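A closer look at the structure
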Amino acid sequence: MLTTLQTAYSDTRAADLAWTLGREPLPALAVLDLDLAGAGIQMRLLGASHQVLLEEDRGTCSETVACIPGSSTPLPLGVSKRLGEWEYEFAARVETLSEGSFAGRAQELLALVADHPQGLAGTFPGSPHAFTAMLAQRSEGQVRWRTWHAYPQEGQLVVTRTRVAVRKSAAVL
């Protein structure tokens, strides 16, 4: 699903993004609810980037990557945590691209996500290449999602990937 977000582009620098787990749902500009083999996933586009809410019999997980005033946790390159019976893994990287490469990559990603049944993308007013996009999947008992946050004025694309899986010791019980 592709939508135009009706808001000012508020997180205008890749360096302003922060990561948090466990936040309550924040006001969203666009939402996609998915049921992936018993895992309820809500992908949320915020004025300041994204939030994913995962709910399953084993528990819940809330991931937020956004520009949040007062947040002191910068975007990490990688995180691995235990969340109850789950293993949570997060990774992020920043790609710096030339103007031409950036425009091509933006079009490619928006095309990938726009028509995908498990994808959500929103473009911000002012630039067709200012967007946040998300794609979720479930396979082999794992829930995964990827996100892309585009900053055309900097030529930067922030790419994240998350994996939530049942801990091996919890799966044996």
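Below is a short write-up of the structure.

What counts, and where the lines are drawn
- Residues numbered from 1 in each chain as written.
- Predicted model: local features only at pLDDT ≥ 70, side-chain atom pairs only at ≥ 80, totals over all residues.
- Heavy atoms only, no water.
- Helix = DSSP H or I, 4+ residues; strand = E, 2+ residues; numbered from the N terminus.
- Buried < 20%, exposed > 50% of the residue type's maximum accessible area, 1.4 Å probe, protein only.
- Areas by Shrake-Rupley, 256 points an atom, 1.4 Å probe, with all protein chains shown as cover.
- Lys, Arg positive; Asp, Glu negative; His and termini not counted.
- Charge placed at Lys NZ, Arg CZ, Asp CG, Glu CD.
- Pairing = 2+ DSSP bridges.
- Axes fitted to C-alpha atoms, helices over the stretch in contact; angles between N-to-C directions.

1. Some thoughts on the overall build of the protein
Looking only at helices and strands, the protein has two helices and twelve strands in total. Traced from its N-terminal end to its C-terminal end, the protein shows the element sequence β-β-β-β-β-β-β-β-α-β-β-β-β-α. On the principal axes, the C-alpha backbone points of the protein span a range of 50 × 35 × 30 Å. For the protein, buried positions account for 49% of its 173 residues. For the protein, the computed accessible surface area is about 8,400 Å², with 51% contributed by carbon and sulfur atoms. Each charge class in the protein can be summarised by its mean position, and for the 15 positive and 18 negative side chains these summaries are 7 Å apart.

2. Observations concerning the sheet that holds strand E6 (residues 59-66)
Paired through backbone hydrogen bonds, the strands of a sheet run either parallel or antiparallel to each other. Judged by pairing direction, the sheet is antiparallel, and its five strands sit side by side in the order E2-E6-E5-E4-E3 without closing on themselves. Both edges of this open sheet fall to strand E2 (18-21) and strand E3 (30-36), since each of them pairs with a single strand only. The sheet shows a mean angle of 10° between the axes of neighbouring strands, taken without regard to direction. As defined by bridge partners, E3 adjoins strand E4 (residues 39-46) across seven bridges and the pair is classed as antiparallel. Counted as the bridge partner of Leu-34 is Ile-41 from E4.

3. What about the sheet that holds strand E12 (residues 156-166)?
Reading across from one edge, E1-E9-E10-E11-E12-E8-E7 is the order of the seven strands in this open sheet, with mixed pairing throughout. Each edge of the open sheet carries a strand with a single partner, namely strand E1 (2-4) and strand E7 (78-83). When the angles between neighbouring strand axes are averaged without regard to direction, this sheet yields 15°. Where strand E10 (residues 131-139) lies against strand E11 (residues 142-151), eight bridges are found, and the strand directions are antiparallel. Bridging across to E11, Thr-132 finds its partner in His-149.

Interpretation in functional terms is not warranted from these geometric data alone.
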